[in-house]
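Next come the chains, spelled out residue by residue.
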Amino acid sequence: MKFNCEEYVFMFKALSDETRLKILSMLSAKELCACKILEAFNITQPTLSYHMKILVDTGLINAVKEGPWVKYSVNEKKKEELLLFLSYLLKEKCSCLAGDKR
């Protein structure tokens, strides 16, 4: 399988933030509304919105508006793609590495 490393750079940048990693961990357990996520952090609602936008933009997190609330969940397809990429990257000579002539 051939991967394009550029596709995953944005995901890794998004996941390089401790708050976003914790949010992803929370969402891996179950779907949550923004208000429940906010309760777990000492941040403002606009700051949470900033983090959620980044996670949603990566495709790793789904956002569904239900009335005044937004519910977030892990995008299982994107999660599996990322895990497959990591597995390939760490187990084999990745075709995206500089100098690879494959």
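Just above sits the structure.
Predicted model, so just to flag it, every value in this text is computed and none were measured. (Residues numbered from 1 in each chain as written. Predicted model: local features only at pLDDT ≥ 70, side-chain atom pairs only at ≥ 80, totals over all residues. Heavy atoms only, no water.)

Chemist: I keep staring at the nonpolar core and nothing clicks. Help me out?
Modeler: A general tendency of soluble globular proteins is for nonpolar side chains to be buried together. Judged by nonpolar contacts, the single largest core of 20 residues is most densely connected at Ile23, Leu27, Ile37, Met52 and Ile61. Not counting residues up to four positions away in its chain, the partners in contact with Ile37 are Ile23, Met26, Leu27, Leu32, Leu48, Met52 and Tyr72. (Core = buried A, V, L, I, M, F, W, Y, C linked by side-chain atoms within 4.5 Å. Buried < 20%, exposed > 50% of the residue type's maximum accessible area, 1.4 Å probe, protein only. Contact = heavy atoms within 4.5 Å.)

Chemist: Whenever I open this one, the packing of aromatic side chains confuses me. Can you help?
Modeler: Any two aromatic rings considered together are summarised by their centre-to-centre distance and by the angle between their planes. Taken as a whole and assessed by the stated rule, the structure comprises two aromatic pairs. When the ring of Tyr8 is compared with that of Phe85, the centres are 4.0 Å apart and the planes differ by 5 degrees; the resulting orientation is stacked. Of this pair, Tyr8 sits in helix α1 (residues 6–14) while Phe85 sits in helix α5 (residues 76–91), and the two are 77 residues apart along the sequence. Both residues of the pair, Tyr8 and Phe85, count as buried. Ring geometry for Phe12 versus Phe85: centroids 6.3 Å apart, planes at 50 degrees, classification tilted. Residue Phe12 is located in helix α1, and its partner Phe85 is located in helix α5; the two are separated by 73 residues in the primary sequence. Members of the aromatic cluster, connected to one another through ring pairs, are Tyr8, Phe12 and Phe85. (Phe/Tyr/Trp six-rings, centres within 6.5 Å; stacked < 30°, edge-to-face > 60°. Helix = DSSP H or I, 4+ residues; strand = E, 2+ residues; numbered from the N terminus.)

Nothing here speaks to function; it is geometry throughout.
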